[in-house]
There are 2 protein chains.
Amino acid sequence: MGNGMKITIKEVAKEAGVSIATVSRVLNGKDGIKPSTKDRVEKAIVKYNFSPDHIARSMIVKESKTIGLLVPQLSNEYWATLAEVIEEALWTHGYTLLLCTSSTRDDSLQKEKAAIHSFIQRKVDGIIYSTSSGANESFLEFTEQIKRYGVPIVAFDQKIQGMSQIYGDHLQGAMDAVKHLIQLGHRNIAYIGGPLVSPERELGYRNAHTIHDLPVYEQLITRGEPTFQFGYRAMRELIESGRLFTGVFCGNDLIALGALQALETAGRRVPEDVAVVGYDDIHMASFAKPALTTVRQPIAEMGRTLVEQVLLSIETGNAPQQSRHLVFPMTLVVRESCGAKTRVRTL
Amino acid sequence: MGNGMKITIKEVAKEAGVSIATVSRVLNGKDGIKPSTKDRVEKAIVKYNFSPDHIARSMIVKESKTIGLLVPQLSNEYWATLAEVIEEALWTHGYTLLLCTSSTRDDSLQKEKAAIHSFIQRKVDGIIYSTSSGANESFLEFTEQIKRYGVPIVAFDQKIQGMSQIYGDHLQGAMDAVKHLIQLGHRNIAYIGGPLVSPERELGYRNAHTIHDLPVYEQLITRGEPTFQFGYRAMRELIESGRLFTGVFCGNDLIALGALQALETAGRRVPEDVAVVGYDDIHMASFAKPALTTVRQPIAEMGRTLVEQVLLSIETGNAPQQSRHLVFPMTLVVRESCGAKTRVRTL
DNA sequence: ATGAAAGCGCTAACAC
DNA sequence: GTGTTAGCGCTTTCAT
C-alpha cells in the first residue's frame, strides 16, 4: 500500500551501499560489475519492489518504446482485430501501445489531430495511422504538420505523400466482387458504401461495369456511414424507391449485414431475389443467414506488416527515402448470399 | 523532414527573446504575463511547430494524464466495445490510453504481469484491470504486488480484495437466463461455459435449478474457452454423446453462436429441438438466425463507471478507504433462439 | 569496478 | 512581469 516514501534509484543505491550509477548499471545489464555488488543491488531492488522510471530513462536514451495507434473505432470487429494484432506484434518487440479512436466523435478530424498531438507529446517512437477522414484541404494541411514532427509514421489504407503506406488493393477487391455478381448474370447491381469507406471500392464497382460494357445506374448508389444501421436504412430506401436491382455490393460487412436484415424484413429472399456481397470478412459474415459472400482482407498480415514497417522506420531514423508502399491483395470469399453456390447446385 | 535541430522550450524562448520560465508560463496558461510578451511567445511556438515534452513535464507535476487498460482481447466484440467506451470517456477527461491485451498469448498471467509492469514504468496515473486468469495462488501473489505499487487501480469483473471493483451481477444474469428456460418447460438444460468466463455464470445455472427443485446433470456441463470454436466443438460433442437435452445456456454469445452452428450442422432445429441462450448481447447476437436470446451487459455504463472510478481514485490519492464495489444488473433479452416467442404465438 | 557530476526538457519557488 | 535556479529520476561520460 505505498508506505509513503516514493522509492527511486537513490533509495536502492543507499540500501545496497553503492552509488546510483552502479544501480543503473545493473538495471541495464552492463557488465564489469563485481558479482557481489550486483547481488546486493538486486537484493535491494526486490526488497523495495523497485521498478525504474521508464519515463525518466527515456528522456536520456531518447526512446520511449511506445507506439501510438490511431484507428477509427474498436466496435467494428475489423478494426478491433487489427488493433489486437498490432498490439501483440508490438509487444513481442518490446513496445507498448498508446491507443486512440477517432470516429467516436462528431468531429473526427479534430480528434485525429489531437490524438497525434498527444502521441507526439508523449514522445512515442512511432505512429501507425489510419483514419476515416476524407482528403479535404484541412486534412492535407494536417498531414503536412504531422510530417514536420519528424516522427516515424506509417499510414494504413491512406494515400499520403511522403510517408510509408500500407494498404489493401480495394480497387481489385471491389472489382472481383462486382465482376462475380455480373458473371452470375446480374445487370442491376446496387452499391451501398460511402465516403468513409475507401473510395476505391466505389471505383472498383464502376470499373467492373465498364469492363463488362455495362451501364452504371447512379440511382443505385448510396453513400453514408460504415455501419449496420446505415446499411439497413439504405437498403430499405432502395426497396421503397421501387428501383429494379437484383444484386448489391456493400462497402463493408456491417453495411451488408444491415442490408440483409432490411431485405428480410421486406420479404425479399437472399440470394434468390437479390444477391448481396460485403467487404472485410469479419467473423459475423460467416454466421449470417445466409452466410455472407464477401471480400476478405488479410488483417493479420497487414497488421504485422504495419508494425514491421514502423519498427523499420525507427531503426533507419525515419529516412524519407525509406518510405515504402506495400499493397495487399484481397480475396473473394464465396458463400451463400451471392447465390453462386445455389446455382451450381441446381445446374 | 525534421530539420536536424530538435526544438525545445529553449529554442522557443530564444526566438521570443524571453526566458524559458516565461515560455512555460504561457504554455500552462498562467496569468500575469504582458499580452505583448505572450504574443511573441505564441508566435515563436507556431513558427517552430513546438509541442512541449509531456514526459519531461510529467516528471515534475507528477501526473502523466495516461491510464493503462488491460483487457483479455479485442477480437471479442464485447471487450472491443468496452475498450472503445473507456477510451472515449477517458479522452473527454484529458487522458490518453495505454492498452494491452492478455489473452492473445499462451501464458496470459505472465503477460498480465508484464503489462501492469509496463504501465507502472510508464507512470500511468491509474489502471483499469480486467483479466481472464483464474484465481490461483500465483494470481493472488500478483495482485498483492500490484497493490504495493500504490497506483490507483480498479478491477473489472474481478473479485480482488482491497481495490475498487466494478462488476456485473452475473449470478443474477445467469439465473434469469436459466430460470427463463425452466419456465419454458425445459428440464434438461446443458451449460457450456468455462473457467475463463466468470464462475458466477455456472453458479447461477446451478442455483436456478436448485430454486426450482430440479437436478443438475453434471454430464451436461462443459467448460472451455470463451470462443466460437469452443462452442461449436462442445455442442458437437454433446450431440454425439447422445445425452438428452432440450436447452442450453452458454457462458457468452460467441460460445452460443458456435453452438447454434453445430446444432444446425447436426440438423437440430432451434428453438424447436433445442432452445439456446447466450450471454453479453454483442451485436452478432441479434443478427443470428434464429436471433439469439441472451443476457445483456450494460457495457457503456460499466465502461463509463470504470473511468469515473479510476479518476476518483486518482483525485482522492487512492485512499484505500475510498475503494468501492459497484455492481451492475444484467437484463435478459428474449429473442427467437429460446422459443419463448414462438410458444406465445402458437398458444 | 565504481563514484561524481553533468545533463535530458520541463516546472516551481524565489528573486528582482 | 519576468529571469534565475534548483530539481524530477535517470544514464552516461569522465575520473579514480
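Basis of the calculations
Residues numbered from 1 in each chain as written. Chains lettered and ligands numbered in written order. Predicted model: local features only at pLDDT ≥ 70, side-chain atom pairs only at ≥ 80, totals over all residues. Heavy atoms only, no water. Patch = residues over 30% accessible without salt bridge, like charges linked within 9 Å, V, L, I, M, F, W, Y side chains within 5 Å. Areas by Shrake-Rupley, 256 points an atom, 1.4 Å probe, with all protein chains shown as cover. Salt bridge = Lys/Arg side-chain N within 4 Å of Asp/Glu carboxyl O. Helix = DSSP H or I, 4+ residues; strand = E, 2+ residues; numbered from the N terminus. Buried < 20%, exposed > 50% of the residue type's maximum accessible area, 1.4 Å probe, protein only. Near = heavy atom within 4 Å. Polar contact = N/O pair within 3.5 Å; in protein donor to acceptor, adjacent residues only side chain to side chain. Nonpolar A, V, L, I, M, F, W, Y, C, P; charged D, E, K, R; others polar. 1 Å grid on protein atoms, 1.4 Å probe; cavity = no way out; pocket = protein on both sides within 12 Å on 5 of 7 lines; lining within 4 Å. Points joined across faces, edges and corners; volume = space filled by probe spheres on them. UniProt positions renumbered as here; feature names shortened; annotations may be inferred. Contact = heavy atoms within 4.5 Å. Pairing = 2+ DSSP bridges. Axes fitted to C-alpha atoms, helices over the stretch in contact; angles between N-to-C directions. Least-squares fit on C-alpha atoms with pLDDT ≥ 70 in both.

As recorded in an unreviewed UniProt entry, chain A goes by LacI family transcriptional regulator and comes from Paenibacillus antri.

Asks: Requested: an account of a nonpolar patch on the surface, with residues and values cited.
Replies: Together, Met59(A), Ile60(A), Val61(A), Met59(B), Ile60(B) and Val61(B) make up a nonpolar patch on the protein surface, roughly 540 Å² of accessible area in all. Those elements giving two or more residues to the nonpolar patch turn out to be helix H4 (54-61) of chain A together with helix H4 (54-61) of chain B. Taking relative accessible area as the criterion, Ile60(B) reaches 68% and is therefore assigned exposed.

Asks: Tell me about the protein's contact with DNA strand C, residues and numbers included.
Replies: For DNA strand C, the set of nearby residues contains 29 residues, the closest of which are Arg25(A), Thr37(A), Ile9(B), Ser24(B) and Ile60(B). At a separation of 2.7 Å, a phosphate oxygen of DNA strand C approaches a polar side-chain atom of Thr22(A). In this structure, a base nitrogen belonging to DNA strand C sits 3.4 Å away from a side-chain N or O atom of Arg25(B). When residues of the surface near DNA strand C are traced back to their parent elements, those giving at least two are helix H2 (20-27) and H4 of chain A together with helix H1 (9-16), helix H2 (20-27) and H4 of chain B. Here the residues of the surface near DNA strand C sort into 13 nonpolar, eight polar and eight charged.

Asks: Quick one: what's the story with empty space enclosed by the protein, residue by residue and with numbers?
Replies: What the rule picks out here adds up to three cavities of 30 Å³ or more. Estimates place the volume of the largest cavity at around 140 Å³. It is H4(B) that contributes the most residues to the lining of the largest cavity, three residues altogether. Within the lining of the largest cavity, the residues separate by chemical class into four nonpolar, six polar and two charged. If you trace the second largest cavity, you find it lined by Phe287(A), Lys289(A), Phe228(B), Leu257(B), Leu260(B), Gln261(B), Ala288(B) and Lys289(B). Broken down by element, the residue count for the lining of the second largest cavity peaks at three residues, all from helix H11 (residues 253-265) of chain B.

Asks: An account of the UniProt feature "domain: HTH lacI-type" (unreviewed entry) in chain A is needed here, citing residue identities and associated values.
Replies: Here, the residues flagged by UniProt with the feature "domain: HTH lacI-type" (unreviewed entry) are residues 7-61 of chain A. Taken end to end, residues 7-61 of chain A is 69% helix and 0% strand, and its first and last C-alpha atoms sit 22 Å apart.

Asks: Which residues make up the protein's contact with DNA strand D, and what values do they have?
Replies: Taken together, the neighbourhood of DNA strand D is formed by 29 residues, with Ile9(A), Ile60(A), Thr22(B), Arg25(B) and Thr37(B) sitting nearest. The sugar-phosphate share of atoms of DNA strand D within 4 Å of the protein amounts to 64%. Between a phosphate oxygen of DNA strand D and a main-chain N or O atom of Ile9(A), the distance comes to 2.4 Å. Taking Ala56(A), its main chain carries an N or O atom lying 3.4 Å from a base nitrogen of DNA strand D. Of all the elements in the fold, those that place two or more residues in the surface near DNA strand D are helix H1 (9-16), H2 and H4 of chain A together with H2 and H4 of chain B. Taken together, the residues of the surface near DNA strand D break down into 13 nonpolar, eight polar and eight charged.

Asks: Quick rundown of the environment of Ile146(B)? Include the residues and the values.
Replies: Residue and element names in this part refer to chain B. Within the fold, isoleucine 146 resides in helix H7 (residues 137-149). Separated by 29 residues in sequence, isoleucine 146 and histidine 117 place their C-alpha atoms 8.6 Å apart. Non-local contacts of isoleucine 146, meaning those with residues more than four positions away in its chain, are made with Ile116, Ile153 and Met163.

Asks: Describe the sheet that holds strand E2 (residues 96-101) of chain A, with residues and values.
Replies: One open sheet holds the twelve strands; their spatial order is E11(A)-E5(A)-E4(A)-E3(A)-E1(A)-E2(A)-E2(B)-E1(B)-E3(B)-E4(B)-E5(B)-E11(B), and the pairing between them is mixed. On the outer flanks of this sheet lie strand E11 (325-328) of chain A together with strand E11 (325-328) of chain B, each paired with one strand and no other. For this sheet, the mean inter-axis angle between neighbouring strands, taken without regard to orientation, is 20°. Two strands pair when backbone bridges link them, and strand E5 (residues 164-168) of chain B and E11(B) are joined in this way by four bridges, in the parallel orientation. Note that in E11(B) the partner of Gly168(B) across the bridge is Phe328(B).

Asks: Account for the relation of the copies chain B and chain A, with residues named and values stated.
Replies: Laying chain B over chain A is done by rotating through 180° and shifting 0.1 Å along the axis; what remains is an RMSD of 0.1 Å. Both chain copies can therefore be described as sitting about a two-fold axis. The C-alpha atom lying nearest the rotation axis in chain B is that of Leu98(B); the distance is 2.2 Å. Interface overlap between copies: 98% of the residues of chain B at the interface are likewise at the interface in chain A, consistent with a symmetric, same-surface contact.

Asks: Help me get a handle on the UniProt feature "domain: HTH cro/C1-type" (unreviewed entry) in chain A, residues and values and all.
Replies: Sites flagged by UniProt as "domain: HTH cro/C1-type" (unreviewed entry) map to residues 6-55 of chain A. Taken as a whole, residues 6-55 of chain A contains 64% helix and 0% strand, while its terminal C-alpha atoms sit 15 Å from one another.

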